Amino acid sequence: MKVGFAVQQDNGIESTVYNHFGSAPAFIIVDTAQVGSATVNNRDQHHEHGACNPIAALGGNTVDAIVVGGIGGGALMKLNSQGIRVFRAMEETVKANLGLLIEGKLPEMMMQHTCGGHQGGCGHH
């Protein structure tokens, strides 16, 4: 399984999970089958609010799931339409959240959990 984690900066699996998908500076992509990771800079970081292109943000990399602190409704719908599940981070690091994901202990993000805007509408800010 390939899992993308929105992060502030690349510290490998010790990276801190970022609080918002669309504005994350980078993504750590972990391949659980290969026990390895790669870093991808967010190629859509400076998009207009509500116009996030999550596939472009991931640089075209294919993932099965995303783990993040928060996400807008548009990005969630676009990811879900590609068969990508989105989970809310419950711990600080990629490593800790990956363990919880593998154990089935991360909550899946639904529309009622998404950000209403960057001006205080996000519950994770």
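Preceding block: the structure.
All values reported here derive from a predicted model rather than from experimental measurement.

## Observations regarding the overall build of the protein chain
Move 1: Scanning the protein chain from N- to C-terminus turns up three helices and five strands.
Move 2: When the helices and strands of the protein chain are read in sequence order from the N terminus, they spell out β-β-β-α-β-α-β-α.
Move 3: Across the 125 residues in the protein chain, those meeting the buried criterion constitute 43%.
Move 4: Within the protein chain, contacts between residues separated by at least 24 positions form 49% of all contacts whose residues are at least 6 apart in sequence.

## Description of the packing of aromatic side chains
Move 1: Tallied over the entire structure, the rule returns one aromatic pair.
Move 2: A centroid spacing of 5.1 Å and a plane angle of 45° characterise the contact between F21 and F27, whose relative ring orientation is tilted. For the pair formed by F21 and F27, the shared burial category is buried.

## A short note on the nonpolar core
Considering soluble globular proteins, one finds that nonpolar side chains tend to be buried as a cluster.
Move 1: By size, the foremost hydrophobic cluster in this structure holds 19 residues, and its most contacted members are F21, F27, I66, V68, I71, L79 and V86.
Move 2: With 16 residues, the next largest nonpolar core counts V7, A26, I28 and V30 among its residues.

## Re helix 2 (residues 73-81)
Move 1: Within helix 2, burial applies to G73, A75, L76 and L79. End-on, the buried residues of helix 2 take up no more than an arc of 160°, which puts them together on one face. For helix 2, the exposed residues lying more than 90 degrees away from the buried face are M77 and S81.
Move 2: Of the residues flanking the end of helix 2, it is G83, one or two places downstream, whose phi is positive at about 80°.

## Remarks on the pairing of strand 3 (residues 36-41)
Move 1: Across six bridges, strand 2 (residues 26-31) lies against strand 3 in antiparallel orientation. Paired with I28 across the bridge in strand 3 is T39.
Move 2: What sits between strand 2 and strand 3 in their antiparallel hairpin is a turn of four residues, with V35 showing a positive phi close to 50°.

## Description of the pairing of strand 5 (residues 85-88)
Move 1: Sheet topology note: the strand 4 (residues 65-68)/strand 5 ladder contains four bridges and is parallel. From the neighbouring strand, A65 faces strand 5, where its bridge partner is R85.
Move 2: Handedness of the crossover joining strand 4 and strand 5 through helix 2: right-handed.

## Here we look at helix 3 (residues 94-102)
An α-helical segment advances 3.6 residues per turn. Residues three or four places apart therefore align on the same side.
Move 1: Turning to helix 3, its buried residues number three or more, namely V94, N97, L98, L100 and L101. Summarising the axial view, the buried residues of helix 3 lie within an arc of 165°, below the 170-degree limit, and thus occupy one face.
Move 2: Each element contacted by the buried residues of helix 3 is listed here: strand 1 (2-7), strand 2, strand 4 and strand 5.
Move 3: Following helix 3 by one or two positions, G104 has its phi on the positive side, about 75°.

Basis of the calculations
- Residues numbered from 1 in each chain as written.
- Predicted model: local features only at pLDDT ≥ 70, side-chain atom pairs only at ≥ 80, totals over all residues.
- Heavy atoms only, no water.
- Helix = DSSP H or I, 4+ residues; strand = E, 2+ residues; numbered from the N terminus.
- Buried < 20%, exposed > 50% of the residue type's maximum accessible area, 1.4 Å probe, protein only.
- Contact = heavy atoms within 4.5 Å.
- Phe/Tyr/Trp six-rings, centres within 6.5 Å; stacked < 30°, edge-to-face > 60°.
- Core = buried A, V, L, I, M, F, W, Y, C linked by side-chain atoms within 4.5 Å.
- Arc of directions from axis to C-beta.
- Pairing = 2+ DSSP bridges.
- Right-handed = clockwise from strand over helix to strand, strands pointing away.

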